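Here is how the chains run, residue by residue.
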Amino acid sequence: MEKETFDPEKIKLKRGEFLQYYIDGLGIDYIIKKHKEYSILTQDERDFYEQYNPIQTKANCVGKVPESLIWEEIEEKMRQGMENSLNDYKARDIERKLNQKPIGKQHELKLHHKFTYLIHLFCSRCTNNENGQTNINAELLKNIIGDEYNLALYTLNRIGLIYTIGGYVIGKKSSAYRLHNNYVHSIRVKQSSHLQVKRYIDKATDKIEAHKKAKFQRLTDRDKFIVERYDNCLSKLKMTRIDECKDFILTGKIYEDNKPMQKKYYKNIFTKYIIQENGPFKITEIDNDNRIYHILTNTPKDLKEYLNIKFSIDIKNSHPLLLNKLLLIYCIDNELFNNIINKEIKHININNILISNSKLYNRYVSENIHNDLIYNNINELLNEVGNIPSDVRQYIYKTSKGQMWEELLDACDAKGLKADDRGELKAQMFAEVFYSKTRTITYKEYGSVFKSIYPNVYNVINKLKPKGEETKLSHLIMKMESELFHQILERIYKQTEYDAINIHDAVTILDTPNNENCKTDEIETIMRDVYNNYNLFPTFSIDRYSKEQ
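This write-up is about the structure you can find in this document. (Residues numbered from 1 in each chain as written. Predicted model: local features only at pLDDT ≥ 70, side-chain atom pairs only at ≥ 80, totals over all residues. Heavy atoms only, no water.)

## Thoughts on the overall build of the protein
- Secondary structure summary: the protein contains 25 helices and 11 strands in total.
- In the protein, of all internal contacts separated by at least 6 residues, the share reaching a separation of at least 24 is 74%.
- Accessible surface, the protein: about 28900 Å² in total, of which carbon and sulfur atoms supply 47%. (Helix = DSSP H or I, 4+ residues; strand = E, 2+ residues; numbered from the N terminus. Contact = heavy atoms within 4.5 Å. Areas by Shrake-Rupley, 256 points an atom, 1.4 Å probe, with all protein chains shown as cover.)

This is the structure:
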């Protein structure tokens, strides 16, 4: 095994070169040998396929279980259903082999290139996430390396390099993969000029860029303006304390035992900042919820102090706060709430949700011009509005004051649930309440605490996850958040020359000459004003990253 080195600052890529990821000790010839074995039908597989009857399999599948069945009969049907599913999976693998052409010498050479690229792809993508996983679009992969991609993935799975962790939804979400832990510590990177692998990489890049360009053309003029300014600001993002950051990654960071990919992830992010292989940083993706992704959205928080960031302002409990909009709609606008429940997410107008209940505080806005007075009178304002249950009113008040998590921490502690900190509690509450895909409260200890304090809020949350669209609530809130932050960025860009970007619920101000006179109060005022326009009253958290601060 070759010794791992970590000196990306010494790498100078020549024309046509790229950073190639590989697994030290895992030879491509070995993978091709196993691939050829897996491509040949065994006698057992031939016998199975001759007897396989998919029509009979479907007839025997578990459907609605009659109430008259005893438990032993139910168990047998469940076992039979599982066996049928495994047989279907086995049959599909055999069909892949039947469609596979014989592998000759010329084909072996092509396979060598394809597997080299696939290993590079999985290593580079998985090390971009501290959980060591990535989504791979099957259609894109097929377009790059051809129809054989499916059997190639099967081979990598069989040899124990990768495994699927689910996530595939037809037409909506790609399959998610992870590298097996026993290969993580053998991931290496080197300068390479492998011509065919570079062609595969360039082909993938061209496809992604074409997709981004087509998506950009569909944007509104406002969003095109934001994207162009955003990319200009991102191009100025850089690492300023290189040696200190490297020392932190190698000796100062304590890595979690249950995340074997974590150190590789930190090294990978560091390398991206140092080499900037594809030139100045740009937006990498704008998803269907209009959330913007780029290098900084993947950067761990404890590396940000080594970048040229002046400060960052984020909205406290952003998603629970945005739920307030939907709670008020439920309480006082049944028609709009029913439209939200019954319409597909792509047909829902987010602006209609944001401007709803615009008259709710009008009298108080005119009487109390200053935002802080409006903010401080939330509880009194809600008392003036009928049909709002007390727990809903309490939830709106607590989220607007930034006090909800402390209240829930105390309640969980009283029940013997020891969430170590606010971060762990938030993770549990999002998993069991806000974005859980099941309505039942069974086995949800933290969810039970939430329901006991906010029963009507819990009821509304479940209504916003109708059958077949269990993720509707999460997408609604992310779309609202994206729209609000697009408005915030638009104001910053039009009113100032500041270099500003965002990370979902936070505005980040870079440490650049344009931002020399930028103050936190100025940015916070813009953020508060946008939220207040929609009767949302946030609290803020400020992080200062520069060494002097």
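## Considering the sheet that holds strand 4 (residues 175-179)
- Spatially, three strands are ordered 2-4-3 in an open sheet, and the strand pairing comes out antiparallel. The strands lining the two open edges of the sheet, one partner per strand, are strand 2 (133-136) and strand 3 (162-164). Ignoring which end each strand starts from, the neighbouring axes of this sheet average 35 degrees apart.
- Direction of pairing for strand 2 relative to strand 4: antiparallel, over a ladder of four bridges. Directly across from Gln133, in strand 4, lies its bridge partner Arg178. (Pairing = 2+ DSSP bridges. Axes fitted to C-alpha atoms, helices over the stretch in contact; angles between N-to-C directions.)

## Let's talk about the nonpolar core
- Formed by 101 residues in total, the largest nonpolar core has its most connected members in Leu323, Met429, Phe434, Phe450, Leu464 and Ile523.
- Per-element accounting of this core gives the leading share, 10 residues, to helix 24 (residues 472-495).
- Here Leu323 is in contact with Tyr395, Phe434, Val457, Ile461, Leu464, Leu473 and Ile477, once residues within four sequence places are set aside.
- Judged by nonpolar contacts, the second largest core, of 40 residues, contains Ile23, Leu111, Cys126 and Val184. (Core = buried A, V, L, I, M, F, W, Y, C linked by side-chain atoms within 4.5 Å. Buried < 20%, exposed > 50% of the residue type's maximum accessible area, 1.4 Å probe, protein only.)

## As for the pattern of salt bridges
- A complete count under the given rule lists 25 salt bridges for this structure.
- With its nearest N and O atoms 3.7 Å apart, the salt bridge here joins Lys259 to Glu130. Within this pair, whereas Lys259 is found in the loop between helix 11 (242-252) and helix 12 (262-275), its partner Glu130 is found in the loop between helix 5 (105-126) and strand 2, the two being separated by 129 residues in sequence.
- Of the charged contacts in the structure, one is a salt bridge between Arg491 and Asp529, with a shortest N-O distance of 2.3 Å. Of the two residues, Arg491 sits in helix 24 while Asp529 sits in helix 25 (residues 520-532), which places them 38 residues apart along the sequence.
- By sharing partners, the salt bridges in this structure join Asp7, Glu9 and Lys246 into a single network. (Salt bridge = Lys/Arg side-chain N within 4 Å of Asp/Glu carboxyl O.)

## Some details on the side chain of Lys246
- With respect to the helices and strands, Lys246 occurs in helix 11.
- Polar side-chain contacts of Lys246 include one of 2.9 Å to the side chain of Glu9.
- Aside from chain neighbours lying at most four places away, what touches Lys246 is Phe6, Asp7, Glu9 and Phe270. (Polar contact = N/O pair within 3.5 Å; in protein donor to acceptor, adjacent residues only side chain to side chain.)

## A closer look at the environment of Leu322
- Position of Leu322 among the secondary structure elements: in helix 13 (residues 318-332).
- On the basis of relative accessible area, Leu322 is assigned to the buried category, the value being 0%.
- C-alpha separation for the pair Leu322 and Leu476, spaced 154 residues apart in sequence, amounts to 9.4 Å.
- Each residue touching Leu322, except ones within four places of it in the same chain, is listed here: Ile477, Met480, Glu481, Leu484, Tyr531 and Leu536.

## Thoughts on unusual backbone geometry
- One non-glycine residue, Asn290, lies in the positive phi region at around 65 degrees.
- With respect to the helices, strands and loops of the structure, Asn290 is situated in the loop between strand 6 (285-286) and strand 7 (292-293).
- Relative accessible area serves as the criterion here: at 33%, Asn290 is assigned to the partly exposed category.
- We note that His504 has phi near 60 degrees; this positive angle belongs to a residue other than glycine.
- Take His504: it is sitting in the loop between strand 9 (500-502) and strand 10 (506-510).

## Quick notes on the state of the cysteines
- Counted by the stated rule, this structure contains zero disulfides.
- The thiol of Cys123 is not disulfide-bonded; the next cysteine sulfur, from Cys126, is found 7.4 Å away.
- With a relative accessible area of 1%, Cys123 lands in the buried category. (Disulfide = S-S within 2.5 Å.)

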